[in-house]
Amino acid sequence: MYYNNRRLLLSVFWTVLGAVLLTLSIMEKIDSGIFSGMGGALMAIGILQIIRNVKYRKNSDYKEKIDILEKDERCKYLRLKAWGWAGYLVVLLEAIGSVIAMILGEQLIMQVLLVSVALIVGIYAISYMILNRKY
């Protein structure tokens, strides 16, 4: 079962946490305005997940559609392929962004982008070695 009670409880938790952050921000107990936006976003995500969970439990057609999407080999392959493309694009865009930041004289931005590229490539190399031994 894809939508189990643990997922429903987690969705309720996100909704409550978002409400608490939003309330504390409105009452000015928390200084930053970022927390009000974060609270609103968490509430929205939690509510949407609760709606999806209830729909999954009540609607048999929707349940069958979600189960097929979760277990179908083609969908799993497409998800892996999309993650692969996303990884390549992120590394390339960060590398291009670091060159642009260097040209504009933004050393901190350039360093952050290059560290991110190095971290991603390092994790890729380690995971490749592990998966190469496993498979």
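Right, let's talk about the packing of aromatic side chains for a bit. Considering all chains together, one arrives at two aromatic pairs under this definition. Their ring planes at 55° and their centres at 5.2 Å tell us that F13 and W14 sit as a pair that is tilted. With relative accessibility at 44%, the residue F13 sits in the partly exposed group. Overall, the relative accessible area of 33% leaves W14 in the partly exposed class. When the ring centre of Y62 is taken as reference, the NZ or CZ atom of K55 above it lies at 4.5 Å.

This next bit is on the packing of helix 4 (residues 73-104) against helix 5 (residues 107-134). Running from N to C, helix 4 and helix 5 cross one another at 155°; their axes reach a closest spacing of 8 Å. When the axis of helix 4 is compared with that of helix 5, the two are roughly antiparallel. In this structure, helix 4 crosses over helix 5, and the sense of that crossing is left-handed. Contacts from V90, V91, E94, A95, G97, S98, A101 and M102 of helix 4 reach helix 5 at I109, M110, L113, L114, S116, V117, I120 and V121. Here the residues of the contact of helix 4 with helix 5 sort into twelve nonpolar, three polar and one charged.

Parameters at a glance
- Residues numbered from 1 in each chain as written.
- Predicted model: local features only at pLDDT ≥ 70, side-chain atom pairs only at ≥ 80, totals over all residues.
- Heavy atoms only, no water.
- Phe/Tyr/Trp six-rings, centres within 6.5 Å; stacked < 30°, edge-to-face > 60°.
- Buried < 20%, exposed > 50% of the residue type's maximum accessible area, 1.4 Å probe, protein only.
- Lys NZ or Arg CZ within 6 Å of the ring centre and 35° of its normal.
- Axes fitted to C-alpha atoms, helices over the stretch in contact; angles between N-to-C directions.
- Helix = DSSP H or I, 4+ residues; strand = E, 2+ residues; numbered from the N terminus.
- Parallel < 35°, antiparallel > 145°, perpendicular 65-115°, else oblique.
- Left-handed = near helix turned anticlockwise from the far one by under 90°.
- Contact = heavy atoms within 4.5 Å.
- Nonpolar A, V, L, I, M, F, W, Y, C, P; charged D, E, K, R; others polar.

Everything listed here is a matter of geometry and, on its own, says nothing about what the molecule does.
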